[in-house]
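Summary of the model geometry
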Amino acid sequence: MPMGARFETTIRFTKDHEWIRTEDGKTGTIGITEFAAKALGDVTFVEFPEPGQEFSQGDQLGAVESVKAATDIYSPLSGKILSINEDLAKKPSLINKGPLGKGWLCTMEIGEKGEVEMAELMGEEEYVRYTEE
């Protein structure tokens, strides 16, 4: 890759309605999708992973509870948790206001299988079709 070349921001989706966004292929931000947030209704509590915890793709890394339901959150990729969204911990309703923005859950150092695992996830158009089925 030429010097100064930048990674394009990539966002991918799981069939369990999680997303991961990466700008460098090494770290990613994880959250739940707008589809999931709408299905849950008003979010009242978020269970976060601990920074430093390692997960394999598909492992449960947290949970979201709402007035309607509770759902587990699964890791879209293998890696190690770097940080959690402290604002979301204080105000879980941020998920409802912006699940792809201020309602993100955690950041992850993407593991060595990240590129292969990322390719297995859905792009935005594919995810939209999936939610319409």
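Definitions and limits used
- Residues numbered from 1 in each chain as written.
- Predicted model: local features only at pLDDT ≥ 70, side-chain atom pairs only at ≥ 80, totals over all residues.
- Heavy atoms only, no water.
- 1 Å grid on protein atoms, 1.4 Å probe; cavity = no way out; pocket = protein on both sides within 12 Å on 5 of 7 lines; lining within 4 Å.
- Points joined across faces, edges and corners; volume = space filled by probe spheres on them.
- Helix = DSSP H or I, 4+ residues; strand = E, 2+ residues; numbered from the N terminus.
- Nonpolar A, V, L, I, M, F, W, Y, C, P; charged D, E, K, R; others polar.
- Salt bridge = Lys/Arg side-chain N within 4 Å of Asp/Glu carboxyl O.
- Buried < 20%, exposed > 50% of the residue type's maximum accessible area, 1.4 Å probe, protein only.
- pLDDT = per-residue confidence, 0-100.
- Contact = heavy atoms within 4.5 Å.
- Pairing = 2+ DSSP bridges.
- Polar contact = N/O pair within 3.5 Å; in protein donor to acceptor, adjacent residues only side chain to side chain.
- Axes fitted to C-alpha atoms, helices over the stretch in contact; angles between N-to-C directions.

**Regarding the layout of surface pockets**
When its volume is computed, the second largest pocket comes out at roughly 150 Å³. Around the second largest pocket, the lining residues are I11, F13, T33, E34, F35, L100, E124, Y127 and T131. Of all the elements, helix α5 (residues 124–132) adds the most residues to the lining of the second largest pocket, at three residues. Along the lines of polarity and charge, the residues of the lining of the second largest pocket split into five nonpolar, two polar and two charged.

**Structural notes on the pattern of salt bridges**
It is possible for side chains of opposite charge to pair when their charged atoms get near one another. Across all of its chains, the model carries one salt bridge by this definition. Measuring nitrogen to oxygen at the nearest pair gives 3.4 Å for the salt bridge that ties E34 to K38. Of this pair, E34 and K38 both sit in helix α1 (residues 34–40), four residues apart, which is roughly one turn of that helix. Looking at E34, the relative accessible area reads 41%, which means it is partly exposed.

**Side note on the confidence of the model for the protein chain**
Residue-level pLDDT values for the protein chain average 92, and 94% of them are 70 or greater. Highest mean pLDDT in the protein chain belongs to strand β8 (residues 79–84) (98); lowest belongs to helix α4 (residues 114–120) (92). Under a pLDDT of 50 for its full length, residues 1–6 has, in the predicted model, one contact with residues more than four places off or in other chains.

**Here's the deal with the environment of I95**
Looking at the element boundaries, I95 is found in helix α3 (residues 94–97). Look at I95 and you get buried, because its relative accessible area is 0%. It is 26 Å that separates the C-alpha atoms of I95 and G111, two residues lying 16 residues apart in sequence. When sequence neighbours within four positions are dropped, the list of residues in contact with I95 reads I32, A37, V43, V46, V64, L88, G103 and L105.

**Structural notes on unusual backbone geometry**
Unusually for a residue other than glycine, H17 sits at a positive phi of about 75°. Mapped onto the elements of the fold, H17 is located in the loop between β1 (10–13) and β2 (18–22).

**A short note on the pairing of strand β6 (residues 60–66)**
Counted residue by residue, β6 has five buried out of seven residues, so it is predominantly covered. One ladder, built from four bridges, connects strand β4 (residues 43–47) with β6; its direction is antiparallel. Looking at β6, one finds that F45 is bridged to E65. Alignment of β6 against strand β7 (residues 70–74), held across five bridges, turns out to be antiparallel.

**Notes on the side chain of H17**
Overall, H17 belongs to the buried group, its relative accessible area being 16%. Among the polar contacts listed, one links the side chain of H17 to the side chain of Y127, at a separation of 2.5 Å. Dropping the residues within four chain positions of it, H17 is found in contact with G31, I32, T33, F35, A36, Y127, Y130 and T131.

**Brief notes about the sheet that holds β7**
The strands that make up a sheet pair up through hydrogen bonds in the backbone, lying either parallel or antiparallel. The three strands are arranged β4-β6-β7 in an open sheet whose pairing can be described as antiparallel. Each edge of the open sheet carries a strand with a single partner, namely β4 and β7. Averaged over all pairs of adjacent strands, the angle between their axes in this sheet comes to 20°, without regard to strand direction.

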